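In case you want the letters, here they are:
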Amino acid sequence: MTVSTPHGDLVDADRTAALEVAVWSALGHVRDPELDESVTELGFVGACEVSDAGEVSVQLRLPTYFCAPNFAFLMVADAHDVLVAVPGVRHVEIELLDHFASDTINSGVAARSGFVESFQGEAQSELDGLRADFVRKAVLAGTDRVCRPLLAAGRTVAELAEMTVGDVPPSPDLERLLARRTELGLPAGPDAAVLIDPVTGAAVGVEGLPLHLRRARVTRVSVEANAGVCRGLLRERYPVVGPEVVRSQET
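Being a predicted model, the structure only gives us computed values, none of them experimental.

Conventions and cut-offs
- Residues numbered from 1 in each chain as written.
- Predicted model: local features only at pLDDT ≥ 70, side-chain atom pairs only at ≥ 80, totals over all residues.
- Heavy atoms only, no water.
- Core = buried A, V, L, I, M, F, W, Y, C linked by side-chain atoms within 4.5 Å.
- Buried < 20%, exposed > 50% of the residue type's maximum accessible area, 1.4 Å probe, protein only.
- Helix = DSSP H or I, 4+ residues; strand = E, 2+ residues; numbered from the N terminus.
- Contact = heavy atoms within 4.5 Å.
- Phe/Tyr/Trp six-rings, centres within 6.5 Å; stacked < 30°, edge-to-face > 60°.
- Lys NZ or Arg CZ within 6 Å of the ring centre and 35° of its normal.
- Salt bridge = Lys/Arg side-chain N within 4 Å of Asp/Glu carboxyl O.

On to the nonpolar core, then. Counting residues in hydrophobic clusters, the biggest one holds 43 residues, and the most contacted among them are Val23, Val58, Leu83 and Ile105. Among the elements of the structure, α1 (8-27), α2 (39-42), β3 (45-50), β4 (55-60), α3 (69-84), β5 (91-96), α4 (102-110) and α9 (209-237) are those that each provide at least two residues to this core. It is α3 that contributes the most residues to this core, nine residues altogether. The residues contacting valine 23, other than those within four sequence positions of it, are Cys48, Val50, Val56, Leu83 and Val89.

Right, let's talk about the packing of aromatic side chains for a bit. Summed over all chains, the structure comprises five aromatic pairs. Here phenylalanine 71 and phenylalanine 134 contribute two aromatic rings whose centre-to-centre distance is 5.1 Å and whose plane-to-plane angle is 85°, an arrangement assigned as edge-to-face. A residue pair is termed long-range when its members are at least 10 positions apart, and phenylalanine 71 in helix α3 and phenylalanine 134 in helix α6 (residues 128-152) qualify at 63 residues. With respect to class, phenylalanine 71 is no different from phenylalanine 134; both count as buried. An angle of 70° between the planes, with centres 5.4 Å apart, marks the rings of phenylalanine 73 and phenylalanine 115 as edge-to-face. Taken together, the residues phenylalanine 73 in helix α3 and phenylalanine 115 in helix α5 (residues 115-118) connect sequence positions 42 residues apart. Each of the two residues, phenylalanine 73 as well as phenylalanine 115, counts as buried. Three or more aromatic residues joined by ring pairs make a cluster, and in this case those are Tyr65, Phe66 and Phe100. The positively charged end of arginine 61 is found above the aromatic ring belonging to tyrosine 238, 5.0 Å away from the centroid.

This next bit is on the pattern of salt bridges. Summed over all chains, the structure comprises 13 salt bridges. One salt bridge connects aspartate 81 with arginine 112, and the closest N-O pair in it is separated by 2.3 Å. Note that aspartate 81 is positioned in helix α3 and arginine 112 in the loop between α4 and α5, a separation of 31 residues in sequence. The exposure class of aspartate 81 is partly exposed, given its relative accessible area of 36%. Taking relative accessible area as the criterion, arginine 112 reaches 41% and is therefore assigned partly exposed. Salt-bridge contacts for arginine 220 lead to aspartate 144; the nearest nitrogen and oxygen are separated by 2.3 Å.

The phi angle at aspartate 36 is positive, at roughly 55°, despite the residue not being glycine. Within the secondary structure, aspartate 36 sits in the loop between β1 (31-32) and β2 (37-38). You can call aspartate 36 buried: its relative accessible area is 7%. The residue arginine 112 is not glycine, and still its phi comes out positive at about 55°.

Quick look at the structure:
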């Protein structure tokens, strides 16, 4: 709605610009479940339009035509959910581009049908369990990111076993790890053990610590390698020319 003042157009533009910032910020909270990275950081947002009336249209694109449909469904559904919660947004349309299940996913999310109903006869269960499994992997990967600098600084494995969250210097990696632990309902307060089982939340004792740290390292390396591959595939599939995206042709 245009404001009836001598500077009405400017006020309207400022409001829309602020809404665009809020929309992009919300999209930043949508993660690829396997890679544990934001769809905005990964480049999965192909387009995002915000109208003066609060209508939001987002196009998502993925690295390959055959990306797992359950992962794709989660990202499209999560994008819809975070955007409808943004104050000032009145209508949301999310479109997944160039995917073998685009039509099914787009229509299912728009109808709020859920994964099983959207993929009738193909899906056996909703995706809550899958999401939790990947957040547990993110906890393991995050554990390695937090613990490697501590070990490099001279901390021993025995000392790590006794450390609490409050003993660890603040860092973005620690903040990210605690956020994932909180999502799962795992201990994340200052008195919580740094090293915990990502399923039970129990502290990992000194005897089990070497194996736990190896698992954490392998998980981190695997997740980061997959993220690198996905970024490379996305660049090949959607070459960027200036601000425009040249969409690839499926063969």
